[in-house]
Amino acid sequence: MQLTLRESIVAVAVLFVVVFAGTTLALRTAPRPAAAIAGSGPVSDAGQVPADKSGSALSITPSREIDSASVQRILLQLDAPTRQAVLESATAFKQIAEAEAQRRSVINAAIDTGFESGEAVQTLMARAAERVLGETYLAQVVSGNLDPNFPSDEQLATWFAENAARFGVPERRHLWQIFLAVPADADPDTEARVRAEAARLAKAGAVDLEAFQALALEHSEHAPSQVNRGYMGLLPGERLKPELREAVSALKAGEVSAPLRSAAGFHVVRSGETVPAFAPSLEEVTAEARATMRQEARIAIRNAALAQIRESYPVSLDDTLLETWRLELLMNQIEQEGGLPPARAE
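Residues numbered from 1 in each chain as written. Predicted model: local features only at pLDDT ≥ 70, side-chain atom pairs only at ≥ 80, totals over all residues. Heavy atoms only, no water.

(A) Structural context of the sheet that holds strand β3 (residues 260-261). The 4 strands lie next to each other as β2-β1-β4-β3, forming an open sheet whose pairing is antiparallel. If you trace the sheet from one side to the other, it starts and ends with β2 (231-236) and β3, each paired once. Sheet topology places β3 next to strand β4 (residues 265-275); 2 bridges connect them, and they run antiparallel. Counted as the bridge partner of Arg261 is Phe266 from β4. Each of β1 (172-181) and β4 touches helix α8 (residues 209-219); the most contacted strand, β1, lies at about 40° to it. (Pairing = 2+ DSSP bridges. Helix = DSSP H or I, 4+ residues; strand = E, 2+ residues; numbered from the N terminus. Contact = heavy atoms within 4.5 Å. Axes fitted to C-alpha atoms, helices over the stretch in contact; angles between N-to-C directions.)

(B) Seen up close, the packing of helix α7 (residues 188-205) against α8. Interhelical geometry of α7 versus α8 gives an angle of 150° and a closest axis separation of 8 Å. Classified by the angle between their axes, α7 and α8 sit roughly antiparallel to one another. Side by side, α7 and α8 meet where Glu197, Arg200, Leu201, Ala204 and Gly205 of the first sit next to Ala211, Phe212, Leu215 and His219 of the second. When grouped by side-chain class, the residues that make up the contact of α7 with α8 number 5 nonpolar, 2 polar and 2 charged. (Parallel < 35°, antiparallel > 145°, perpendicular 65-115°, else oblique. Nonpolar A, V, L, I, M, F, W, Y, C, P; charged D, E, K, R; others polar.)

(C) View of the pattern of salt bridges. Within the structure shown, the criterion is met by 10 salt bridges. With a closest N to O distance of 2.6 Å, Glu100 and Arg104 form a salt bridge. With Glu100 and Arg104 both in helix α4 (residues 90-112) and 4 residues apart, this pair spans about one turn of that helix. With a relative accessible area of 10%, Arg104 lands in the buried category. The shortest N-O distance in the salt bridge between Asp153 and Arg290 comes to 3.5 Å. Taken together, the positions of Asp153 in helix α6 (residues 153-163) and Arg290 in helix α11 (residues 286-312) put the pair 137 residues apart, joining distant regions of the chain. Among the residues examined, Asp153 registers a relative accessible area of 56% and is labelled exposed. Residues participating in the shared-partner salt-bridge network are Glu100, Arg103 and Arg104. (Salt bridge = Lys/Arg side-chain N within 4 Å of Asp/Glu carboxyl O. Buried < 20%, exposed > 50% of the residue type's maximum accessible area, 1.4 Å probe, protein only.)

Next up, the structure:
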């Protein structure tokens, strides 16, 4: 068994959140509209239905019992390992049936009380059904146009040579700071006073790390690092404020900077050890690189499909009508809220 019982139950619970179990949504096997991408062959027209037929409507009816077919439909929505794990566990299998029974009891109550016939509820139901239909169809288009063997070893090697930096880690160093804020409207005397205090703390903190940490805990006004005794973390240079980078990069391990001015105030920075940059080989990140390529291919196929679908199945938009509708809805909203808002003073 590849999944634990707990993992199986969690997977089933998530499924019930996003799937209308027991509700039939007919998805046409239409021609795949995306251009061939990521090593796939030409898009096939197999399974196309006649163009003049419309999709099936959403229909929800009361149900007083759970049958084998309804449980089987739920299981078919699970991936093979999860489905196998559920079938091997009487507890998980029963939990699916109990969850479905609970769900149907709520549906029965909503129908019996007439709640489901409300206009707002009907709109939400229709939108949800359309969303499931559209996303499921797009998922089928993507899977149908992505070669299961993509990327090949050659494609992976070529791509990695151009994208190796995405998997590397830049040089980083341990950094501590004491920060003293300077108000944006501070006069020269105030700035000079804060600078002098920062210089005093820099000198006192240069004794050793423990002394610097104690001063940061007592005086620093940067809350996130102050609670960590001034420690900012293991940071690459690009994470620092631009006005601090050059001075901080010149520090040696254990060295404390003079007060460094930023737009917010003065920073006294102590440098720790530097951790060298790391550039992994393809062999070390093959699985991650392959997964990244496949995900990017899915996105490319989806975007191509959306563009071609929009062209092949256009839905017109009239800018003039859109603006008319917007203004009408705005005026209706204003009337419902009790009139026009007060005019803004210029």
